[in-house]
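# An overview of the molecular structure
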Amino acid sequence: MAMPKNVTVSSDYPIPEKMKAWVLGNPGELTLAEKDVPTPAKAEVLVRIDAVAICATDLEIIYNGPPAQIHGGDPFNKNFTPGHEYMGTVVALGQGVDEYEIGERVTVEIHAGCGQCKRCRAGMYTSCHNYGKNYGDVDKGHRANGFTTDGGFAEYAVNNINTLVHVADTMPDEEATLVVTAGTAMYGLTELGGLVAGESVVVTGPGPIGLMGAAVAKALGAQPVILTGTRDNRLEIGKQLGADHVINVRNEDVVEKVRELTGGKGADYVVECAGAPDGTNQAAQMLNRGGKICLAAFPHKPDEVDVAYLVRNNIYLFGIRGEGKTATHRAEAFMRQKRFDATLIHTHTFDMADLHEALRYAKDRVEDAIKVVVKNKHAEVRKVAAE
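What comes next is a walk through the structure. Quick caveat: nothing in here was measured; it's all calculated off a predicted structure.

### Points about the sheet that holds strand 15 (residues 316-319)
Pairing is parallel across the open sheet formed by six strands, whose spatial order is 12-11-10-13-14-15. Looking at the sheet topology across the chains shown, the edges are occupied by strand 12 (245-248) and strand 15. Neighbour-to-neighbour, the strand axes of this sheet turn through a mean angle of 20°, independent of strand direction. Here strand 10 (residues 201-204) runs beside strand 13 (residues 267-272); their pairing, made up of four bridges, is parallel. Counted as the bridge partner of T204 is E272 from strand 13. Across the sheet, helix 5 (residues 208-219) touches strand 10 and strand 11 (225-229), and the angle it forms with strand 11 is around 170°. Contacting strand 10, strand 13, strand 14 (287-295) and strand 15, helix 8 (residues 279-286) runs over the sheet at an angle of about 145° to strand 14.

Pasting the structure below:
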């Protein structure tokens with residue numbers, strides 16, 4: 001493919017004019033189509049996508065639309081490609097890019113804020129005031145790949161350099177897709193104060209973010225780390241990732257047990273990753289007075305919260321969106337240092353052409369799927385060549 005003169009390319013990584021990409025039609029309908037390979041602009045690179053992890057939010061977007069927003073509305077029938085937890089190889093550099101090299105392996109954050117609103121200037125780019133404004137006369141420069149622009153269920157994607165995280169050659173592709181998941185957990189703990197060493201942390205819900213939440217909390221020095229949930233096998237994985245105690249909420253009174261494990265006072269922090277009915281109230285009851293809650297899940301229905309209890313007990317409530325404040329960089333560093341084994345949550349791998357089946361495994365939890373990864377064939381070709 002002939003890129004513009006101000007885009008740097010290499011003969012080692014030939015770029016085709018067209019690529020295969022999954023396109024969202026009506027709700028729940030994905031079609032494998034042919035698209036033009038995108039061209040990186042200033043401060044952007046072209047990433048050859050090697051692997052993508054499926055997130056629960058991908059399923060929400062594919063079947064319901066929000067939080068994706070394309071051209072100011074729902075993402076359906078707009079030639080939109082979802083998918084956001086991807087990693088790959090830099091194959092072209094936009095104008096002025098010298099922070100990364102062609103051939104460098106990277107994983108990506110989702111959000112590149114507009115860079116000019118109040119939140120972006122404070123480092124809260126996942127809360128950009130110009131979310132979704134990247135088209136026509138309202139192009140403010142915001143990008144959130146797989147949400148407001150094309151994402152990773154394709155062969156190539158353009159990314160702003162601010163969204164890239166270097167990946168060590170020793171980290172497998174599948175593990176690299178999990179950096180964003182760990183980054184979300186890291187962001188939650190950052191917003192709670194970050195200095196959790198010696199403090200008690202409860203993580204509710206042993207889904208991907210909850211399991212990474214237990215791992216990151218332990219890596220940060222929290223003591224004890226308590227993981228709650230309904231599936232014993234997932235709770236066991238949580239123990240392998242660093243949880244000191246696990247509670248099956250079907251078998252025990254979770255609030256009573258948390259208080260027992262914390263000397264009767266309650267925990268210092270709760271990271272709520274279950275999105276369960278009454279989850280906020282239950283989290284509050286697990287805390288000691290002055291404790292903090294981080295909400296990291298999307299409940300399916302509005303949650304009626306006992307505000308009086310929060311006020312009487314001076315409880316702080318934080319909500320997070322994504323993996324802000326460069327938390328992915330810190331998460332990748334922990335993973336590279338083997339502070340925890342993120343691969344424990346990777347359960348299944350499919351070829352990109354089999355995305356429908358991969359989504360079914362993720363949606364229906366077939367074979368107790370936790371994190372399902374899809375890979376492009378060129379990633380396997382590269383692996384064989386390296387060997």
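Here the narrative resumes, following the displayed structure.
### Concerning the packing of aromatic side chains
Two aromatic rings are characterised by how far apart their centres lie and by the angle between their planes. In total, this model carries one aromatic pair according to the counting rule given. Seen from their ring centres, F350 and Y361 are 5.1 Å apart, and the 65° between their planes marks the pair as edge-to-face. Of this pair, F350 sits in strand 16 (residues 346-351) while Y361 is found in helix 11 (residues 355-364), placing the two residues eleven residues apart along the sequence. The class of F350 is buried, set by a relative accessible area of 16%. Take Y361: its relative accessible area is 12%, and that puts it in the buried class. Above the face of the Y316 ring, K292 is positioned so that its terminal group lies 5.9 Å from the ring centre.

### Topic: the nonpolar core
Membership of the largest hydrophobic core comes to 46 residues, with the highest contact counts inside it found for L189, V201, M212, L241, V271, M335 and F340. Elements represented by at least two residues in this core include exactly strand 3 (44-53), helix 4 (179-191), strand 10, helix 5, strand 11, helix 6 (232-241), strand 13 and helix 10 (327-336). With 42 residues, the next largest nonpolar core counts L24, M352, A362 and A369 among its residues.

### Remarks on the pattern of salt bridges
Taken as a whole and assessed by the stated rule, the structure comprises 19 salt bridges. The shortest N-O distance in the salt bridge between D244 and K218 comes to 2.9 Å. Taken as a pair, D244 in the loop between helix 6 and strand 12 and K218 in helix 5 lie far apart in primary sequence, 26 residues in all. The salt bridge partner of K257 is E252, with a shortest N-O separation of 3.9 Å. Overlapping salt bridges, with partners in common, bring together R105, D173, E174 and K375 in one network.

### With respect to the side chain of T163
Structurally, T163 is set in the loop between strand 8 (156-160) and strand 9 (164-166). Here T163 falls in the buried class, since its relative accessible area comes to 2%.

### Examining the packing of helix 7 (residues 254-261) against helix 8
Two measures define how a pair of helices packs: the angle their axes make with one another and the distance between the axes. Direction vectors running N to C along helix 7 and helix 8 enclose 25°, while the axes themselves pass 9 Å from each other. Classified by the interaxial angle, the pair formed by helix 7 and helix 8 is roughly parallel. Remark: the crossing between helix 7 and helix 8 carries right-handed chirality. Residues V254, V255, V258 and R259 of helix 7 form the contact with helix 8, whose own contacting residues are Q282, Q285 and M286. Taken together, the residues of the contact of helix 7 with helix 8 break down into four nonpolar, two polar and one charged.

### A look at the environment of V7
You can see V7 is positioned in the segment before strand 1 (18-24). Remark: the alpha-carbon pair of V7 and T39, spanning 32 residues in sequence, is separated by 8.2 Å. When residues no more than four places from it in sequence are discounted, the contact partners of V7 are T39, P40, A92 and L93.

### Here we look at helix 10
Counting buried positions over the ten residues of helix 10 gives seven, a clear majority of the element. If you follow the buried residues of helix 10, they end up packed against strand 9, helix 3 (173-176), helix 4 and helix 5. In the segment just after helix 10, K338 is the residue with positive phi, at about 60°.

### Some points on unusual backbone geometry
In the segment running from P66 into P67, the intervening peptide bond is cis, with an omega of 5°. Relative to the elements of secondary structure, P67 occurs in the loop between helix 1 (56-64) and strand 4 (85-93). Residue P224 is reached from Q223 by a cis peptide bond, and omega for that bond is -5°. The residue P224 is located in the loop between helix 5 and strand 11 in this model.

### Overview of the pairing of strand 13
Of all the six residues making up strand 13, six are buried; the element is thus mostly covered by neighbouring parts of the structure. Bridge count between strand 13 and strand 14: five bridges; the pairing is parallel. Note on strand 14: the bridge partner recorded for V270 is I293. Considered for its hand, the β-α-β crossover made up of strand 13, helix 8 and strand 14 is right-handed.

### Quick notes on helix 5
For helix 5, with twelve residues, the first-to-last C-alpha span of 16 Å sits near the 16 Å given by 1.5 Å per residue. Most of helix 5 sits inside the fold, with ten of its twelve residues counted as buried. Every buried residue of helix 5 is accounted for by P208, G210, L211, M212, G213, A214, A215, V216, A217 and A219. Taken together, the buried residues of helix 5 touch helix 4, strand 10, strand 11, helix 6, helix 10 and strand 17 (371-375).

### Quick word on the environment of N26
With respect to the helices, strands and loops of the structure, N26 is situated in the loop between strand 1 and strand 2 (30-36). Put simply, N26 and A353 are 327 residues apart on the chain and 19 Å apart in space, counted from C-alpha to C-alpha. Here the side chain of N26 touches N77 through a polar contact of 2.8 Å, side chain to side chain.

Parameters and conventions
- Residues numbered from 1 in each chain as written.
- Predicted model: local features only at pLDDT ≥ 70, side-chain atom pairs only at ≥ 80, totals over all residues.
- Heavy atoms only, no water.
- Pairing = 2+ DSSP bridges.
- Helix = DSSP H or I, 4+ residues; strand = E, 2+ residues; numbered from the N terminus.
- Axes fitted to C-alpha atoms, helices over the stretch in contact; angles between N-to-C directions.
- Contact = heavy atoms within 4.5 Å.
- Phe/Tyr/Trp six-rings, centres within 6.5 Å; stacked < 30°, edge-to-face > 60°.
- Buried < 20%, exposed > 50% of the residue type's maximum accessible area, 1.4 Å probe, protein only.
- Lys NZ or Arg CZ within 6 Å of the ring centre and 35° of its normal.
- Core = buried A, V, L, I, M, F, W, Y, C linked by side-chain atoms within 4.5 Å.
- Salt bridge = Lys/Arg side-chain N within 4 Å of Asp/Glu carboxyl O.
- Parallel < 35°, antiparallel > 145°, perpendicular 65-115°, else oblique.
- Left-handed = near helix turned anticlockwise from the far one by under 90°.
- Nonpolar A, V, L, I, M, F, W, Y, C, P; charged D, E, K, R; others polar.
- Right-handed = clockwise from strand over helix to strand, strands pointing away.
- Expected span 1.5 Å × (residues − 1).
- Polar contact = N/O pair within 3.5 Å; in protein donor to acceptor, adjacent residues only side chain to side chain.

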